[in-house]
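Coordinate inspection notes
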Amino acid sequence: MNAISASESLHACLENVRRLDHDRFLTLIFVPAAKRARLIALYAFNAEIARVREAVSEPMLGQIRLQWWREAIEAIARGEAAGHEAAVALGETFAAAELHGEKLVALIDARERDLDDEPFVDMNALEAYADATSATLMLLAGFALAGPRAAKALAAIRPAGVAYALTGLMRALPLHASQGRLYLPLDLMRTHEIDPHRIFAGEMSEGLRAAMKEITGRARAHLGEARRHAALVDRALLPALLPAALCDRYLSIMEAADFDAFHHSTEVPALIHQSRLTTRKLLGRF
């Protein structure tokens with residue numbers, strides 16, 4: 001079998017980002033053309049490791065897939081080829097010194113938590129997961145766009161990433177429930193007397209609505225914290241943080257008094273998202 005070419009790998013990555021991570025796909029238009037391939041490769045890699053839990057029938061198979069990715073990142077850092085299109089694209093678009101392989105491996109390590117169906121103990125544990133996954137990815141995107149300058153904006157990047165992850169987890173609650181998974185912290189479920197079996201059966205309850213409201217409230221708090229540090233965000237970094245600009249609309253939908261996670265959609269037309277992103281980019285905000 002012939003090795004996949006750089007152009008073929010990038011095209012496949014772009015299609016996967018469009019299909020699996022549409023919010024970030026919409027932000028790519030705001031990335032300078034010279035650096036767009038980097039973010040396509042990075043987001044495609046993230047999409048692959050984020051869906052490992054859904055793609056395997058048992059945790060051990062997920063561990064094997066994640067270990068393959070660890071070894072692929074190490075190989076890329078040594079200048080060696082790896083077979084997956086996202087790995088090829090990473091190798092083609094990042095020099096070894098710019099790859100931040102240790103952070104990519106940390107992102108893979110954080111995804112091991114997806115293979116454990118036990119709920120998070122408390123809100124702190126959930127937010128730590130959001131930090132290790134979404135905020136790390138946002139920081140990596142920042143490095144891809146602006147190099148070391150991204151580190152200076154960590155006070156904005158970290159809460160923006162956490163806010164986006166918490167918002168996304170609440171949007172994905174019906175999907176996760178259909179798979180027997182819950183990302184609601186145990187302490188919230190106890191406080192609001194939530195029966196997990198009712199969630200797995202697709203039943204909304206006042207307790208679930210209250211717990212979701214607490215989590216969306218935390219997402220808003222993190223978003224506010226990120227925006228208070230917006231002055232630290234170099235304009236070159238802005239596309240990395242733009243996914244967070246979409247949180248407001250999602251949160252407003254889920255915070256409606258009659259919102260039913262199992263029967264009400266949180267989807268927003270791409271045209272509305274694109275308008276929002278364009279406005280925020282022109283204003284230099286996220």
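Being a predicted model, the structure only gives us computed values, none of them experimental.

Okay, the overall build of the chain next. Scanning the chain for helices and strands turns up 16 helices and zero strands. Taken against the 2.2 N^0.38 rule, which gives 19 Å for 286 residues, the C-alpha radius of gyration of the chain at 19 Å falls within 12% of a compact globule. Each principal axis of the C-alpha atoms in the chain carries an extent, and together these give about 55 × 45 × 30 Å. Out of the 286 residues belonging to the chain, those deemed buried represent 50%.

With that out of the way, let us pick up the layout of surface pockets. Put simply, the largest pocket is a space of about 1,100 Å³. Along the walls of the largest pocket sit 36 residues, with Leu20, Asp21, Tyr164, Gly168 and Ala172 positioned nearest its centre. When residues of the lining of the largest pocket are traced back to their parent elements, those giving at least two are α1 (6-20), α2 (22-27), α3 (33-50), α8 (123-146), α9 (154-171), α10 (173-178) and α16 (270-283). Examining the composition of the lining of the largest pocket, we find that six residues originate from one element, α9, more than from any other. Class assignment of the residues belonging to the lining of the largest pocket gives a composition of 16 nonpolar, nine polar and 11 charged.

Attention now moves to the packing of aromatic side chains. Scanning the model with the defined rule gives five aromatic pairs in all. Ring geometry for Phe45 and Trp69: centres 5.4 Å apart, planes at 70 degrees, overall edge-to-face. Of this pair, Phe45 sits in helix α3 while Trp69 sits in helix α5 (residues 59-77), and the two are 24 residues apart along the sequence. As far as the burial class goes, Phe45 and Trp69 line up, both buried.

The subject of this paragraph is the nonpolar core. Counting 95 residues, the largest nonpolar core has Phe45, Ile73, Leu184, Ile199, Met212, Leu241 and Phe286 as its most contacted members. Among the elements that make up this core, the one with the highest residue count is α8 (13 residues).

Listing the buried residues of helix α6 (residues 85-93) in full gives Ala86, Ala87, Val88, Ala89, Leu90 and Thr93. Buried residues in α6 make contact with α1, α3 and α5.

Another point: a nonpolar patch on the surface. Together, Met60, Leu61 and Ile64 give the surface a local cluster of nonpolar side chains, amounting to about 290 Å² of exposed area. Inspection of the secondary structure assignment puts Met60 in helix α5. A residue is classified by how much of its surface remains accessible, and Met60, at 53% relative accessible area, is exposed.

With that out of the way, let us pick up unusual backbone geometry. With a phi angle near 55 degrees, His100 is a residue other than glycine that sits in the positive phi range. Mapping His100 onto the fold places it in the loop between α6 and α7 (101-110).

Quick look at the environment of Ala95 now. Relative to the assigned elements, Ala95 resides in the loop between α6 and α7. Put simply, Ala95 and Arg38 are 57 residues apart on the chain and 10 Å apart in space, counted from C-alpha to C-alpha.

Further remarks concern empty space enclosed by the protein. By the definition in use, this model includes two cavities of 30 Å³ or more. For the largest cavity, the calculated volume is near 60 Å³. Residue lining of the largest cavity: Arg113, Asp114, Asp116, Asp117, Glu118, Phe120, Arg181, Leu182 and Tyr183, and that is the complete set. Taken together, the residues of the lining of the largest cavity sort by class into three nonpolar, no polar and six charged.

The topology assignment puts Ala153 in the loop between α8 and α9. Since its relative accessible area comes to 0%, Ala153 is described here as buried. Leaving out residues up to four positions away in the same chain, Ala153 has contacts with Leu232, Val233 and Leu237.

The next subject is the packing of α8 against α9. As a packed pair, α8 and α9 sit with axes 7 Å apart at the nearest point and diverge in direction by 115 degrees. Crossing of α8 over α9 shows right-handed handedness. On α9, the residues touching Met123, Leu126, Glu127, Tyr129, Ala130, Asp131, Ser134, Ala135, Met138 and Leu139 of α8 are Leu154, Ile157, Arg158, Ala160, Gly161, Val162, Tyr164, Ala165, Leu166 and Leu169. Of the residues assigned to the contact of α8 with α9, the class counts are 15 nonpolar, two polar and three charged.

To continue, consider the side chain of Arg181. Note on placement: Arg181 falls in the loop between α10 and α11 (186-191). Residue contacts for Arg181: discarding those within four places in its chain leaves Arg53, Glu54, Asp114, Asp117, His176 and Phe200.

Direction vectors running N to C along α8 and helix α13 (residues 206-228) enclose 50 degrees, while the axes themselves pass 12 Å from each other. In terms of axis orientation, α8 runs oblique to α13. Crossing of α8 over α13 shows right-handed handedness. Mapping the contact onto sequence places Met123, Leu126 and Glu127 in α8 and Ile215, Arg218 and His222 in α13. Residue composition of the contact of α8 with α13, grouped by class: three nonpolar, one polar and two charged.

Each value, and the rule that gives it
Residues numbered from 1 in each chain as written. Predicted model: local features only at pLDDT ≥ 70, side-chain atom pairs only at ≥ 80, totals over all residues. Heavy atoms only, no water. Helix = DSSP H or I, 4+ residues; strand = E, 2+ residues; numbered from the N terminus. Rg over C-alpha atoms; globule rule 2.2 N^0.38 Å. Buried < 20%, exposed > 50% of the residue type's maximum accessible area, 1.4 Å probe, protein only. 1 Å grid on protein atoms, 1.4 Å probe; cavity = no way out; pocket = protein on both sides within 12 Å on 5 of 7 lines; lining within 4 Å. Points joined across faces, edges and corners; volume = space filled by probe spheres on them. Nonpolar A, V, L, I, M, F, W, Y, C, P; charged D, E, K, R; others polar. Phe/Tyr/Trp six-rings, centres within 6.5 Å; stacked < 30°, edge-to-face > 60°. Core = buried A, V, L, I, M, F, W, Y, C linked by side-chain atoms within 4.5 Å. Contact = heavy atoms within 4.5 Å. Patch = residues over 30% accessible without salt bridge, like charges linked within 9 Å, V, L, I, M, F, W, Y side chains within 5 Å. Areas by Shrake-Rupley, 256 points an atom, 1.4 Å probe, with all protein chains shown as cover. Salt bridge = Lys/Arg side-chain N within 4 Å of Asp/Glu carboxyl O. Axes fitted to C-alpha atoms, helices over the stretch in contact; angles between N-to-C directions. Left-handed = near helix turned anticlockwise from the far one by under 90°. Parallel < 35°, antiparallel > 145°, perpendicular 65-115°, else oblique.

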